Amino acid sequence: MIKATMKEKDGFGENGANQPSETQVLRDLIMGFRATQIIATAAKLDLAEHLGHGPQTPVELAHATNTNERRLYRLLRALTHLGILELNRDARFSLSPMGNLLHERVPGSLRHVAILYGEEWLWGAYAQLAHSMKSDKPAFEYVYGQKLFDYLKENAAAADRSFGRNDGAAPR
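The shown structure was predicted, so the numbers you read here are calculated from the model rather than taken from an experiment.

Draft legend 1. Spotlight on the overall build of the chain. Each helix and strand in the chain was counted, giving twelve helices and two strands. Counting from the amino terminus, the chain carries its helices and strands in the arrangement α-α-α-α-α-α-β-β-α-α-α-α-α-α. Looking at the chain as a whole, 30% of its 172 residues qualify as buried. Pairs at least 24 residues apart make up 39% of the contacts formed inside the chain by residues separated by at least 6 positions. Roughly 11,600 Å² of accessible area belongs to the chain as shown, and the carbon and sulfur atoms make up 54% of that amount.

Draft legend 2. Summary view of the nonpolar core. With 18 residues, the main nonpolar core has Leu47, Leu61, Leu72, Leu76, Leu79, Leu85 and Leu102 as its most contacted residues. Where this core is concerned, the elements lending two or more residues are helix H3 (32-44), helix H4 (47-51), helix H5 (58-65), helix H6 (69-81), strand E2 (93-95) and helix H7 (111-118). Take this core: its biggest share by element is four residues, from H6. In contact with Leu72, other than residues within four places in its own chain, are Leu45, Leu47, Pro58, Leu61, Ala62, Thr65 and Thr67. Within the second largest apolar cluster, nine residues are counted, among which are Leu116, Trp121, Leu152 and Ala158.

Draft legend 3. Spatial organisation of the packing of H3 against H7. Viewed as axis vectors pointing N to C, H3 and H7 meet at an angle of 125°, and their least axial separation amounts to 8 Å. Classified by the angle between their axes, H3 and H7 sit oblique to one another. In this structure, H3 crosses over H7, and the sense of that crossing is left-handed. On H7, the residues touching Thr36, Gln37, Ile39, Ala40, Ala43 and Lys44 of H3 are Arg111, Ala114, Ile115, Tyr117 and Gly118.

Draft legend 4. How the structure looks around the layout of surface pockets. Its volume calculated, the largest pocket comes out at about 240 Å³. Lining the largest pocket are Asp28, Met31, Gly32, Arg34, Ala35, Ile38, Arg77, Ala78, His81 and Leu82. Listed by contribution, the elements that provide at least two residues to the lining of the largest pocket are H3 and H6. In terms of residue count, the dominant contributor to the lining of the largest pocket is H3 (four residues). Split into classes, the residues belonging to the lining of the largest pocket amount to five nonpolar, two polar and three charged. In this structure, the second largest pocket encloses a volume near 190 Å³. Along its surface, the second largest pocket is lined by Thr41, Leu45, Thr67, Asn68, Arg71, Leu72, Arg74 and Leu75.

Draft legend 5. Quick peek at the pattern of salt bridges. Counted by the stated rule, this structure contains six salt bridges. Across the salt bridge formed by Arg111 and Asp46, the nearest N and O atoms sit 3.3 Å from each other. Here Arg111 is found in helix H7, whereas its partner Asp46 is found in the loop between H3 and H4, with 65 residues between them in sequence. For Arg111, a relative accessible area of 10% gives the class buried. Residue class for Asp46 comes out partly exposed when judged on its relative accessible area of 21%. For Asp90, the salt bridge goes to Arg92, with nearest N and O atoms at 3.5 Å. Under the relative-accessibility criterion, Asp90 is labelled partly exposed at 47%. Judged by its relative accessible area of 25%, Arg92 is partly exposed. Several salt bridges share partner residues, and in doing so they unite Asp46, Glu104 and Arg111 into one network.

What counts and what doesn't
- Residues numbered from 1 in each chain as written.
- Predicted model: local features only at pLDDT ≥ 70, side-chain atom pairs only at ≥ 80, totals over all residues.
- Heavy atoms only, no water.
- Helix = DSSP H or I, 4+ residues; strand = E, 2+ residues; numbered from the N terminus.
- Buried < 20%, exposed > 50% of the residue type's maximum accessible area, 1.4 Å probe, protein only.
- Contact = heavy atoms within 4.5 Å.
- Areas by Shrake-Rupley, 256 points an atom, 1.4 Å probe, with all protein chains shown as cover.
- Core = buried A, V, L, I, M, F, W, Y, C linked by side-chain atoms within 4.5 Å.
- Axes fitted to C-alpha atoms, helices over the stretch in contact; angles between N-to-C directions.
- Parallel < 35°, antiparallel > 145°, perpendicular 65-115°, else oblique.
- Left-handed = near helix turned anticlockwise from the far one by under 90°.
- 1 Å grid on protein atoms, 1.4 Å probe; cavity = no way out; pocket = protein on both sides within 12 Å on 5 of 7 lines; lining within 4 Å.
- Points joined across faces, edges and corners; volume = space filled by probe spheres on them.
- Nonpolar A, V, L, I, M, F, W, Y, C, P; charged D, E, K, R; others polar.
- Salt bridge = Lys/Arg side-chain N within 4 Å of Asp/Glu carboxyl O.

Dropping the structure here:
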């Protein structure tokens with residue numbers, strides 16, 4: 001078993017520098033899927049729209065999003081840790097400049113990108129990436145039996161959610 005040094009456990013690199021150790025950086029990369037899902041959930045709940053009107057408490061946001069207050073509070077704290085939200089002194093949450101990019105009407109919005117990369121159907125293909133490396137078939141085709149755009153043509157709801165469209169047409 002490999003043991004991390006105390007400095008590595010504390011998130012400090014060699015020589016005591018206040019930089020993440022290689023262990024911490026790699027651990028964060030490995031667990032990056034959590035950040036994707038946290039951000040995708042915020043986009044699906046349209047938290048940026050709700051917070052675009054000003055800071056709100058978890059109770060107010062839970063009511064506005066029809067979600068469980070305790071669970072939403074944990075999500076809000078995670079979004080704060082990621083730099084998407086800010087927790088104000090009055091226990092209200094507000095959007096950070098980065099979080100504002102999840103607002104649909106902001107130029108350069110990444111809301112639908114966040115939703116796309118949080119979709120289960122996309123994750124299923126990425127989970128089979130190792131299979132793709134050993135065969136001549138893309139992971140998406142291996143998992144779903146068809147090419148990506150054919151899948152999206154047959155699953156208009158997935159395309160609409162992921163690409164922010166309401167017309168039911170597959171992406172071009």
